[in-house]
Amino acid sequence: MRAVDIIAKKRDGGELTKEEIEFFIQGYTRGDIPDYQAAAWAMAVYLRGMSNQETINLTLAMAHSGRILDLHQAAPFVVDKHSTGGVGDKTTIMVAPWVASCGLPVGKMSGRGLGFSGGTLDKLESIRGYKVPLSVEEFLTQLRDHGVVVAGQTADLAPADGKLYALRDVTATVASLPLIASSVMSKKIASGADAIVLDVKVGKGAFMRTVEEAVALAQIMVEVGQGVGRRVRAVISDMNQPLGRAVGNALETAEAMAALRGRGPEDFVEHCLVVAEQMLILGGKAEDKSAARRMLTEALESGRAWDKFVEWITAQGGDPDVLTDPPDLPRARLIEEVPAPRSGYIAGLDARQVGLTAVLLGAGRAKKEDTIDLSVGVVLAAKIGDYVEKGQPLLTIHANDEHRLAEAREHLLAAYTWSEEPVERPPLVYQVIG
Ligand code: URA
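Thresholds applied
Residues numbered from 1 in each chain as written. Predicted model: local features only at pLDDT ≥ 70, side-chain atom pairs only at ≥ 80, totals over all residues. Heavy atoms only, no water. Near = heavy atom within 4 Å. Polar contact = N/O pair within 3.5 Å; in protein donor to acceptor, adjacent residues only side chain to side chain. Areas by Shrake-Rupley, 256 points an atom, 1.4 Å probe, with all protein chains shown as cover. Buried < 20%, exposed > 50% of the residue type's maximum accessible area, 1.4 Å probe, protein only. Helix = DSSP H or I, 4+ residues; strand = E, 2+ residues; numbered from the N terminus. Contact = heavy atoms within 4.5 Å. Core = buried A, V, L, I, M, F, W, Y, C linked by side-chain atoms within 4.5 Å. Pairing = 2+ DSSP bridges. Axes fitted to C-alpha atoms, helices over the stretch in contact; angles between N-to-C directions. Salt bridge = Lys/Arg side-chain N within 4 Å of Asp/Glu carboxyl O. 1 Å grid on protein atoms, 1.4 Å probe; cavity = no way out; pocket = protein on both sides within 12 Å on 5 of 7 lines; lining within 4 Å. Points joined across faces, edges and corners; volume = space filled by probe spheres on them. Nonpolar A, V, L, I, M, F, W, Y, C, P; charged D, E, K, R; others polar. Expected span 1.5 Å × (residues − 1).

(A) Quick peek at the site of the ligand. Taken together, His82, Ser83, Thr84, Leu114, Tyr165, Arg168, Ile180, Ser183, Val184 and Lys187 form the complete shell of residues around the ligand. The separation between an oxygen atom of the ligand and a polar side-chain atom of His82 is 2.9 Å. With respect to the ligand, the side chain of Ser183 contributes an N or O atom lying 2.6 Å from a nitrogen atom. Taken by itself the ligand offers 240 Å² of open surface, and the protein chains cover 98% of this.

Structure, rendered in structure tokens:
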């Protein structure tokens, strides 16, 4: 078998066999197949798609490219969550300690920013000292002793995804149903959780642009997970506008911390509640949504969720001096408030445009070796449905470069559309699958 023939077969719209997929994934993981061939293959998959069977085979080949963890030595039942990627999506930072504070262990391997969409690991690294790379032993110890762990993918867990993920980010091959499904589920299978809640984003700021596409992605991921004996549910959630108000690594971490202290933006907290409810139900801690909501509300109001957050972060190396109120996170040099250019209702707030602007400010990567600026980003004062008077604050830009700030201002103003008439807020969640 030769890699070039497999690339050509997919380029021409052929269906790859299980053996061909395994050959390609194993060869790429070992380094026998170089990045340039993997990039061509990923583009062929992006353009031609894959059948459900190919997607399942790809996911399993990627999951078995390294070790499959057994978490039961650390906890009898572990739950995980994963987002397919959006803008302002800091859900894990709130939900992981929140669910853990209700007595359900959360063990999660997260990713870095991908294209216009941010990554949890980058956000967590804005906390001085937080240790993203953990060995399997460290992962298990943290899970056993603290009931919550969020780490990077260790080199021996789904290494094929680790390599492909970074390659896709810089080869315009992210927004592909089979590539996203296999990326997410290979990690989830390898990292060993018993139950997984998938947060499948849909809209302008998501890789899936229509509810139909998001449902198709959710269904295949649920099928793959259940096929290997995991409990899986998918929440299809809106990503036409950013989630919450902050976009950018340290800014989002600060927003999630404020939410854990009971002062989060309403849409963000509600979204986290929906995801956390599903985790508690799948984990057998709550009978139904209202029981789960009661537990979560009590954990938040009593301060237990915040205490669990502090325990998690400090146990994973984070400097406790950072966790002040407000937190001591990286701060940009230039902070500019942008006033509304007119009066009216906000009719649209293009999440993709906002995400790309955050990348332009330095919050994301253009090449996989790039380092990012944790301090930059934007905080939105007004979102869809809000009425704003001309001259009132519309948003605040955090930048470290005057030119980029000016460019960002222009892009962000263009991301808003206006209406004279009242505008309904978009739904937060479309449906739950599984
Ligand atoms: N999240 C992942 O883990 N992989 C993707 O491809 C997209 C989002």
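(B) Quick look at helix α8 (residues 159-169). Across the 11 residues of α8, 8 count as buried, placing the element largely inside the fold. For α8, the elements touching its buried residues are α2 (18-30), α3 (35-48), α4 (52-63) and α9 (177-190).

(C) Summary view of the nonpolar core. Formed by 111 residues in total, the largest nonpolar core has its most connected members in Trp98, Val99, Leu198, Val200, Phe309, Leu395 and Ile397. Among the elements that take part in this core, helix α12 (residues 266-282) stands out by supplying 10 residues, more than any other. When neighbours within four sequence positions are excluded, Val99 is seen to be in contact with Val79, Leu104, Val106, Ala276, Met279 and Leu280. In terms of nonpolar packing, the next biggest core, distinct from the first, is built from 22 residues, Ile33, Met50, Leu58 and Met62 among them.

(D) Quick peek at the sheet that holds strand β8 (residues 344-349). Reading across from one edge, β10-β8-β12 is the order of the 3 strands in this open sheet, with antiparallel pairing throughout. Edge strands, defined here as strands with exactly one partner in the open sheet, are β10 (387-388) and β12 (416-419). Sheet topology note: the β8/β10 ladder contains 2 bridges and is antiparallel. Across the sheet, Tyr345 pairs through a bridge with Tyr387, a residue of β10. Lying over the sheet, helix α16 (residues 402-415) contacts β8 and β12, oriented at roughly 40° with respect to β12.

(E) Structural context of the pairing of strand β2 (residues 106-110). Across the 5 residues that make up β2, a large majority, 5, are buried. Alternating positions in β2 separate into two faces, Val106, Lys108 and Ser110 on one and Gly107 and Met109 on the other, with burial throughout. Pairing analysis gives 5 bridges linking β2 to strand β3 (residues 148-152), with the strands arranged parallel. What sits directly across from Met109, in β3, is Ala151.

(F) Looking closely at the pattern of salt bridges. A complete count under the given rule lists 31 salt bridges for this structure. For Arg112, the salt bridge identified is with Asp122, shortest N-O distance 2.8 Å. One end of the pair, Arg112, is in the loop between β2 and α6 (120-124); the other, Asp122, is in helix α6, with 10 residues separating them in the sequence. Judged by its relative accessible area of 2%, Asp122 falls in the buried class.

(G) Highlighting empty space enclosed by the protein. Counting across every chain of the model gives 2 cavities of 30 Å³ or more. The space that makes up the largest cavity amounts to roughly 270 Å³. Secondary structure elements with two or more residues in the lining of the largest cavity: β1 (79-83), α5 (91-100), β2, α6, α8 and α9. Residue classes in the lining of the largest cavity are distributed as 6 nonpolar, 14 polar and 6 charged. If you add up the space inside the second largest cavity, you get close to 160 Å³.

(H) Representation of α4. Over its 12 residues, α4 extends 16 Å from the first C-alpha to the last, a length consistent with the 16 Å expected when each residue adds 1.5 Å. Judged by how many residues are buried, α4 sits mostly within the fold: 9 of 12 residues are covered. If you check which residues of α4 are buried, you get Glu54, Thr55, Ile56, Asn57, Leu58, Thr59, Ala61, Met62 and Ala63. Buried positions along α4 lie against α1 (3-11), α2, α3, α8, α9 and α10 (211-227).

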